[in-house]
Amino acid sequence: MLQSIRERAQGFLAWVIVILISIPFALWGIHEYLQPNTKVVIAEINSTELLYSEFQETVQRYRRQLQAMMQQRMDLTAMEPQIRKTALEGMVQQEVLVQTAIHAGLRIGDGLLAKWIHETFKQQSGEFNQDRYVDTLKMQGLTPEHFEMQTRRELLVNQLKQGIVLSSLLTEYDTQTQARLEKQQRLVTYLTIPANRFADTVTVSDDEIQTYFTQHADQYMTEEKVSVDYVELSNDAIAKAIKVDDAAAQQHYEAHKSSFSTPIEWQAQHILVAVKPDATPEEVATAEQKAKNLLGRIQAGEAFDVLAKEHSDDDGSADKGGDLGTFGENTMVKPFEDALKQLKVGQVSEPVRSDFGFHIIKLTAEVPPVIKPFEQVKDELIKTLQAEQADAEFYAQLDQFSNLGFEHPDSLAPLADSLSLEIKSTELFTRQGDNTNPEAITANPKMIEAAFSDTILKENLNSDPIDLGEQKVIVIRLKEHQPAQPQPLETIKEGIQATLKADKTKAAIKQLGDELLAEFKKGGDVDAIAQQHKLNWVPARWINRQDTTLGQPSIVREAFKLGRSDQNHALYQGIELGNGDYAIFAVLELKDGVAEPETPHLDPKQPSPIEQAKKRQQMAFGETDFNQFSAELKNEAKIVIHQEKLEPEATN
């Protein structure tokens, strides 16, 4: 039968099959077959649909953000339900806010969007490179259109948020209430039950160790490990292979000689006759005449520096005789610099008008530009040319690199052979990666995430290209996988024994602490009760919320969570300390804080500490207002969640 199919497939039937297959690809594209989940609707917000593909992208972003907040790589599997829940809530909230902003008439214009993108993706030179922008997004699985759409939405929400936060009002009552709480003081004393009090009386049997091990076997597994083979495409490697001879470097030097010169520098004095921005024509004419009179006095022989001290309105230079020091191009305002360039050393300019007023300028010294000789800049020039050529070659090879990894998913050899790259390997590593060397490839979060993905471990395929930053991209595949295995009891027995002993000790301390706490709350002589157990109260002291003198930050924190106390009724609370000790503290008295009165501020250019505190309080109030506003919008919105479509298997 197979032979019959082969024979027929070479005739009319073959064409029919090709046409039938081509129709759906032509109508919907191969993308719909490769990514069937993209059109699955997981939620509807006021009839606006949220797609599963967008949900997955948001989940991935939340994972990356969570890993970035941690000092080392962690397995987020246990947190996956919470991550997905947070991602969905964030999508819903953003959609509600976007709809509200649009309904309110807010918009993000193309100019503002372009400015944000240019600032975000500009290179160290300050320039924006469109090709690099597109390639950077491609490495993250994004298209410019999709990224710009998401960015426009985020800027729109931020615009709405700023309008609410910055319009928040702060009343005198709010200020007094804030001060009453923030500057409140409490009289506190405490005693501690040391952890070593029961160290000699607590024992752990072998049966207890075995039972604990059986119940917590999953906590005593070896860490899952993988090693991978990988092929790397990097700008640095390409640059090292590029040869630039002296002749090419010399040619570039001659063509760009001006860029190898030291910048020109001037030293000058000036006298400023200030003109206010809103000055009338009469006031401008008066200032100009004053400048001309001063110039006449200079030309008549009076000392420039003496006139500058007496008549210049520039507070920064008047006391120095108008001396502006040494400066280069683009330091002064344009009219000033244009006039300066026309002067020779020792000459004085006519009055020059700028936004500040009228300047009389004297050029006192000039250091002309000096062109560096070729031999001095040759090595730097060769590196620059190598980098430029490598840059172009890197992006020229990038598409081929990505395509070869995809077209040959079962091997790295075609990719390595086609681009003359080396297949490298890593040592075994865990989901935490290499914490000893931050520069190692096995410390890169993106590479680690890919190495432990289903694509690598279950499907045994090449990864997608992984952007490691700094124009370095890799494709990996599995070399070796060591699943997590139970550890033998003998190797961890001492650790379990220490854990059980610590738990028993903690329980004994807690029991004694609870008993003492109950006695203290009944009243009576608390000093005598403490001494019966060979414990002592530390002397009481007044503390505030930021107190560090008590030496127990957790007690300070908990003391301000209790209610109000008075001289007749102390408040008692027990707390476990970080070192294993148990403390009982008492709040004996309380004094409310008072807002500081306004005082004259000496520096008008800087806000006073009180003004800064009010600004922070206002912003905090604004954040609260915005959060309440967001919650109300969400409550009023018509939200339908298709919970059954949120799991990956439900979308296939």
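Residues numbered from 1 in each chain as written. Predicted model: local features only at pLDDT ≥ 70, side-chain atom pairs only at ≥ 80, totals over all residues. Heavy atoms only, no water.

## Quick look at unusual backbone geometry
Phi is positive for glutamine 471, close to 55 degrees, though the residue is something other than glycine. Among the structural elements, glutamine 471 can be located in the loop between strand 10 (466-467) and strand 11 (472-482). (Helix = DSSP H or I, 4+ residues; strand = E, 2+ residues; numbered from the N terminus.)

## Describing the pattern of salt bridges
Two side chains that carry opposite charge are able to pair once their charged atoms sit near each other. Scanning all chains against the criterion turns up 19 salt bridges. The salt bridge involving lysine 506 is made with glutamate 576; its shortest N-O contact spans 3.3 Å. Of this pair, lysine 506 sits in helix 20 (residues 489-522) while glutamate 576 sits in strand 13 (residues 571-576), and the two are 70 residues apart along the sequence. Of the residues examined, lysine 506 reaches a relative accessible area of 46% and is grouped as partly exposed. By relative accessible area, which is 41% here, glutamate 576 ends up partly exposed. It is possible to trace a salt-bridge network through shared partners that takes in Arg63, Glu80 and Arg84. (Salt bridge = Lys/Arg side-chain N within 4 Å of Asp/Glu carboxyl O. Buried < 20%, exposed > 50% of the residue type's maximum accessible area, 1.4 Å probe, protein only.)

## Considerations on the pairing of strand 5 (residues 265-274)
With seven of its 10 residues buried, strand 5 lies for the most part within the structure. Of the pairings in the sheet, the one linking strand 5 to strand 6 (residues 323-328) comprises four bridges and is antiparallel in character. Bridge pairing in strand 6 links glutamine 267 to threonine 326. Across 10 bridges, strand 5 lies against strand 8 (residues 357-367) in antiparallel orientation. For isoleucine 271, the partnering residue across the bridge sits in strand 8 and is isoleucine 360. (Pairing = 2+ DSSP bridges.)

By themselves, these observations are geometric and do not establish any function.
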